[in-house]
Amino acid sequence: MGSYFTEVKDKRPEKLFFQDEARFGRINNVNRCWVPKKYRPLVTQQFVREYTYAYSTVCPETGETYSIIAPCNNTELMNVFLTEVSIHYNHYRIVMILDGAGWHISKELAVPQNIRLLHLPPYSPELNPVEHIWDYIREQKGFKNYTFNSLDAVDDKLEKALRELHNEKEKMKSLCNFNWIY
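Note on numbering: residues in each chain are counted from 1, in written sequence order. The predicted origin of the model limits local features to residues at a pLDDT of at least 70 and limits the giving and counting of side-chain atom pairs to 80 or more, whereas totals for whole chains, interfaces and linings rest on all residues. Water and hydrogen atoms were dropped before computing side-chain values, which therefore reflect all heavy atoms in the structure.

Caption draft 1: Quick look at helix H5 (residues 169–176). Restricting attention to buried positions, one finds in H5 the residues Met172, Leu175 and Cys176. Along the axis of H5, the buried residues cluster in a sector spanning 80°; they form a single face. The outward face of H5, more than 90 degrees from its buried face, is lined by the exposed residues Glu170 and Ser174. Only protein chains enter the accessibility calculation, which uses a 1.4 Å probe. A residue is then buried if its area is under 20% of the maximum for its type, exposed if over 50%, and partly exposed in between. Strands are runs of DSSP state E lasting at least 2 residues, helices are runs of H or I lasting at least 4, and numbering of each runs from the N terminus. In this context, the arc is that of the directions from the helix axis out to the C-beta atoms.

Structure follows, in structure tokens:
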């Protein structure tokens, strides 16, 4: 990967990260599930419109991830996220690929010195490996066919899932390292 940074004196390794946000909430979708023969699955459905948001970034090459949970999506919270990623990965120069959401292109967006942003083409979520993380969490980490009594319970479940994935670098590489990336 050629250098995207203008500061050639910076000898830190350059890493490619992808970033995305996802909404998790108390509205659930009833899906198929397995139960032993002679039993009927019992799945409740709820329509409570309360949400929380996960911001995550992943390096497909190394499986490294960083995530925060926030109450909404906006430029202010994207600035917080970028600052936290910059501090956590201060040993890298990061090229972060993300979509064109309004808070990703805002004039008020403060991009840290060790991060450069590249935007995906419009309407191309299939190019962002982080989308696979959201699918995996929803299918495999306790969100499928599950109802939550509070938004705090959603936050707790989401935090647990993100912490587990943060420690599963090989799983992250298998979910996110598409052959066309490198």
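Text resumes after the structure shown.
Caption draft 2: Geometry of the packing of aromatic side chains. In summary, the pairing rule links any two rings of Phe, Tyr or Trp, Trp by its six-membered ring, whose centres are within 6.5 Å, and it sorts them by plane angle into stacked for under 30 degrees, edge-to-face for over 60 and tilted for everything else. All chains considered together, the criterion is met by eight aromatic pairs. Between the aromatic rings of Phe18 and Trp180, the centroid separation amounts to 6.5 Å while the plane-to-plane angle is 90°, which identifies the pairing as edge-to-face. In this pair, Phe18 is assigned in strand E1 (residues 14–27) and Trp180 in the segment after H5, connecting sequence segments 162 residues apart. Exposure remark for Phe18: the relative accessible area of 1% places this residue in the buried category. Judged by its relative accessible area of 44%, Trp180 falls in the partly exposed class. With a centroid separation of 6.3 Å and an interplanar angle of 45°, the aromatic rings of Tyr66 and Phe81 are classed as tilted. Separated by 15 residues along the polypeptide, Tyr66 in strand E3 (residues 65–70) and Phe81 in helix H1 (residues 75–88) bring together distant segments of the chain. Looking at Tyr66, the relative accessible area reads 15%, which means it is buried. Among the aromatic residues, those joined into a ring-pair cluster are Phe17, Tyr89 and Tyr92.

Caption draft 3: Inspection of the environment of Pro71 at higher detail. Here Pro71 shows up in the loop between E3 and H1. The class for Pro71 is exposed, based on a relative accessible area of 62%. Once the C-alpha coordinates of Pro71 and Glu50 are considered, the two residues, 21 residues apart in sequence, prove to be 9.8 Å apart. A contact between two residues is defined here by any heavy atoms of the two lying within 4.5 Å. What Pro71 contacts, discounting residues up to four positions off in sequence, is Tyr51, Tyr53 and Leu77.

These results come straight from atomic positions and should not be treated as a statement about function.
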